[in-house]
Amino acid sequence: MILHNHDLAQLDRIKRLNLINSVTGIKPANLIGTVSNAGQTNLAIFSSVVHLGSNPALLGFVVRPSSHVRRHTFENIIENKLYTINHVHPHFVERAHYTSAKFAKEVSEFDACRLTAEYIDGFKAPFVKQSRIKLGMELVEQAPLEINGTVLVIGVVRLLVAPDEVVDAQGHIDLARADDVGISGLNSYYRLDKIADYPYARPEDLPDFSESSTTDEEN
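Read on for an overview of the structure. (Residues numbered from 1 in each chain as written. Predicted model: local features only at pLDDT ≥ 70, side-chain atom pairs only at ≥ 80, totals over all residues. Heavy atoms only, no water.)

## So, the nonpolar core
In a soluble, globular protein the nonpolar side chains are often hidden away together inside.
Alright, step 1. Within the largest apolar cluster, 16 residues are counted, with the highest numbers of intra-cluster contacts made by Phe61, Val63, Tyr83, Ile85 and Val153.
Alright, step 2. For this core, the elements supplying multiple residues, two or more each, are β3 (41–46), β5 (57–63), α3 (72–80), β6 (82–87), β9 (134–145) and β10 (150–161).
Alright, step 3. Residues within four places of Phe61 in sequence aside, it is in contact with Ile32, Phe46, Ser48, Val49, Thr73, Ile77, Tyr83, Val151, Leu152 and Val153. (Core = buried A, V, L, I, M, F, W, Y, C linked by side-chain atoms within 4.5 Å. Buried < 20%, exposed > 50% of the residue type's maximum accessible area, 1.4 Å probe, protein only. Helix = DSSP H or I, 4+ residues; strand = E, 2+ residues; numbered from the N terminus. Contact = heavy atoms within 4.5 Å.)

## A look at α3
Alright, step 1. Regarding α3, the residues found buried are His72, Thr73, Phe74, Asn76, Ile77 and Asn80.
Alright, step 2. In this fold, the buried residues of α3 make contact with β2 (30–35), β3, β5, β6, β9 and β10.
Alright, step 3. Lys81 occupies a position one or two residues after α3 and carries a positive phi of about 75°.

## Focus on the sheet that holds β2
Alright, step 1. If you walk across this open sheet you meet the seven strands as β3-β2-β6-β9-β10-β5-β4, and the pairing is antiparallel. Only two strands of the sheet have a single partner each, and these edge strands are β3 and β4 (50–54). Averaged over all pairs of adjacent strands, the angle between their axes in this sheet comes to 35°, without regard to strand direction.
Alright, step 2. Sheet analysis places β4 next to β5, joined by four bridges and oriented antiparallel. (Pairing = 2+ DSSP bridges. Axes fitted to C-alpha atoms, helices over the stretch in contact; angles between N-to-C directions.)

## What to know about the sheet that holds strand β12 (residues 188–191)
Alright, step 1. Strand order in the open sheet formed by three strands is β1-β11-β12, with antiparallel pairing between adjacent strands. The open sheet terminates on both sides in strands that have one partner only, identified here as β1 (27–28) and β12.

## With respect to the pattern of salt bridges
Alright, step 1. With the rule as written, the count across this model stands at six salt bridges.
Alright, step 2. With its nearest N and O atoms 2.8 Å apart, the salt bridge here joins Glu118 to Lys134. Within this pair, whereas Glu118 is found in strand β7 (residues 117–118), its partner Lys134 is found in strand β9, the two being separated by 16 residues in sequence. (Salt bridge = Lys/Arg side-chain N within 4 Å of Asp/Glu carboxyl O.)

## A short note on the pairing of β3
Each regular strand shows side chains that alternate between the opposite faces of the sheet.
Alright, step 1. Within β3, six of the six residues are buried, leaving the element largely enclosed by the surrounding structure.
Alright, step 2. Here β3 shows a buried face lined by Thr41, Leu43 and Ile45 and a second buried face lined by Asn42, Ala44 and Phe46.
Alright, step 3. By the bridge criterion, six bridges tie β2 to β3 in an arrangement that is antiparallel. For Gly33, the partnering residue across the bridge sits in β3 and is Leu43.
Alright, step 4. Turn length for the β2-β3 hairpin, with the two strands adjacent in sequence and antiparallel, is five residues, and the turn residue Gly39 shows positive phi of about 95°.

Here you go:
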């Protein structure tokens, strides 16, 4: 299959949506937890969380504000600046997926999807108790993207929770050992398998790829 931009523009909307959402490969599956100042909790699944910096520890994710569809996650973050990011695991992946349904503002996805809100060390926003790796975040910037009306929400990590056994001495998190889940497109979920560890890449340490390249071509 070879498609040019004009071919993509002529595709059925749903087919184009699925194709472009899945062509990027496996993305992280995260549940973002928020609460309004009135105490109404909200939970929604996102696949757009990205690393933006380590010092300070910054993460971003993309929201699509709309005058037609209320974005409760975004509204709550703007209201009190706090939210949580929670990894998804196989034993609750179906419940996590259905947090994407368009529930009314007064309905908590924690309740509707049978997930448990957890509060840690006085952090105001709710974590997902079923998640093994979770982050307490504070909003530091929102960057509108004029080309499509989305907003990059940028937050600083205020709290990090992870089991000791999935973090090595150098700080690497073994996502396979944590039993994390990834997303392709909008509704396909994958287990993560660790296949290799390599040292920091330096030009002077480049391996000899000649033999492996020949093998790849033959296969």
